[in-house]
Amino acid sequence: MTHFTELPLLPEDFSWFAMSPRMWRQNQRIFLILSVIFTGSCSDGWKMAVSPVVTASRGEDAVLSCSLTNSKQQQYSGKIHVKWFARESDSSPFFSCSVQNDSATQGLGDCSFSELKHSLTGDPRRGELSLLIRKVQLTDDGQYFCQVELDGKQRLTQKTQLLVPAEPQILSLVVVETPPASGSAPWRLQCEVEGNPLPKLVWLSASKLKLDDQGKTTESGRFRRIGEVPYLEGEELTCRAENSLGGAQRSYPPSQTLMITAVVCGLMGALLLLLLFIAGLVHCRRNRAPVDTVYENVVKGHRVRASDPPADGHSEIQLVYSVVDSPPAHQLVSSSCPPEPVVLYSPVNVQQINRECHV
């Protein structure tokens, strides 16, 4: 008969039960994923897509595209909360709105399209989260973050970049007085430039040669730079700004040629306006309708026009007139003379007209 001896269980035989906290958390995640797969109740599956880089020139409208997709999006009836951040994703959103993902809900509420600086271009219920920025400026250049929250439980965030390139511009070129305690030249010529990328500032002499003393430059912002050089009265200097997109320059003192050109252009413009005004008056007078006056002459019972020859061949004054009908009989006052026609005279030719009164 065979006998089996029971061996005592050693502690290491139960080591697979003793898991570290880290292993336990990992197993929890695995169990959660498996439960989601088998139950089909996954709230994940949402995907967000953005354009990595968007470029827009200064003054144009820019659209930062952002979309949200899910194969079961139509089954989601919760709230969609859209947020847009600038520079940092943990900063306060400069734009936010929310809408219920329900086709029965009318309107988009605060997510509707507006004429403000920032607004959405579409319907978040269709996954359209793109942001419209109107008339972008250099200050709009930088990073942006598109974020969406679903029922306050799930959050997705993606980063995009807006580039606003700009050619250099000379903002100002003025002479400033140096404080006496500085120990430097009493006057300095100061030039402020702007552009993206940040322009390089170069000083040129009257002969357009680069100055040996380029002075000092300081940055007054992300896209602005200020340069200063010593200045002597009557000296002509040129400030030039350059970046990869182009260059711009301005001279001090301003060129007399430019001033004369501006004055001449102004005078020519005023003269042109005057000529247009006179031409308009002449045109109006020429288009005025001629008066074709027809005169009636009752001397011999025929009609007389201004083109008819003088009566009897004489070039004496002939009174050409029109006869206006007499008033009705009931308006006449008894008189020894029959009612006479009312005559309107016009001195055209020379002739005398006699009228007699018969009693």
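Preceding this paragraph is the structure being described.
Everything numeric in this text was worked out from a predicted model, so none of it was measured.

Caption draft 1: Fine view of the overall build of the protein chain. Each helix and strand counted, the protein chain has two helices and 22 strands in total. Here the contacts in the protein chain between residues at least 6 apart in sequence split such that 56% fall between residues at least 24 apart.

Caption draft 2: Representation of the sheet that holds strand β5 (residues 79-86). Spatially, β2-β10-β9-β5-β6 is the arrangement adopted by the five strands of the open sheet, whose pairing is mixed. With one partner strand each, in any of the chains shown, β2 (53-55) and β6 (95-100) form the two edges of the open sheet. Neighbour to neighbour, the strand axes of the sheet diverge by 20° on average, direction disregarded.

Caption draft 3: Examining the sheet that holds strand β15 (residues 224-230) more closely. Judged by pairing direction, the sheet is antiparallel, and its four strands sit side by side in the order β11-β12-β15-β14 without closing on themselves. Two strands in the sheet have a free side with no partner beyond their single neighbour: β11 (166-177) and β14 (216-219). Adjacent strand axes in the sheet meet at a mean angle of 20° when their direction is disregarded. Note: strand β12 (residues 187-196) against β15, seven bridges, orientation antiparallel. Following the sheet pairing, Gln190 is matched in β15 by Glu228.

Caption draft 4: Main features of the pattern of salt bridges. All chains considered together, the criterion is met by 14 salt bridges. Of the charged contacts, one joins Asp123 and Arg126 as a salt bridge, the two residues approaching to 3.7 Å between their closest N and O atoms. Using a relative accessible area of 7% as the deciding quantity, one classes Asp123 as buried. On the basis of relative accessible area, Arg126 is assigned to the exposed category, the value being 58%. In this structure, the salt-bridge partner of Arg240 is Glu242, at a minimum N-O distance of 2.8 Å. The class for Glu242 is partly exposed, based on a relative accessible area of 34%. Here the salt bridges do not stand alone but share partners, grouping Arg58, Glu192, Glu194 and Arg224 into one network.

Cut-offs applied
- Residues numbered from 1 in each chain as written.
- Predicted model: local features only at pLDDT ≥ 70, side-chain atom pairs only at ≥ 80, totals over all residues.
- Heavy atoms only, no water.
- Helix = DSSP H or I, 4+ residues; strand = E, 2+ residues; numbered from the N terminus.
- Contact = heavy atoms within 4.5 Å.
- Pairing = 2+ DSSP bridges.
- Axes fitted to C-alpha atoms, helices over the stretch in contact; angles between N-to-C directions.
- Salt bridge = Lys/Arg side-chain N within 4 Å of Asp/Glu carboxyl O.
- Buried < 20%, exposed > 50% of the residue type's maximum accessible area, 1.4 Å probe, protein only.

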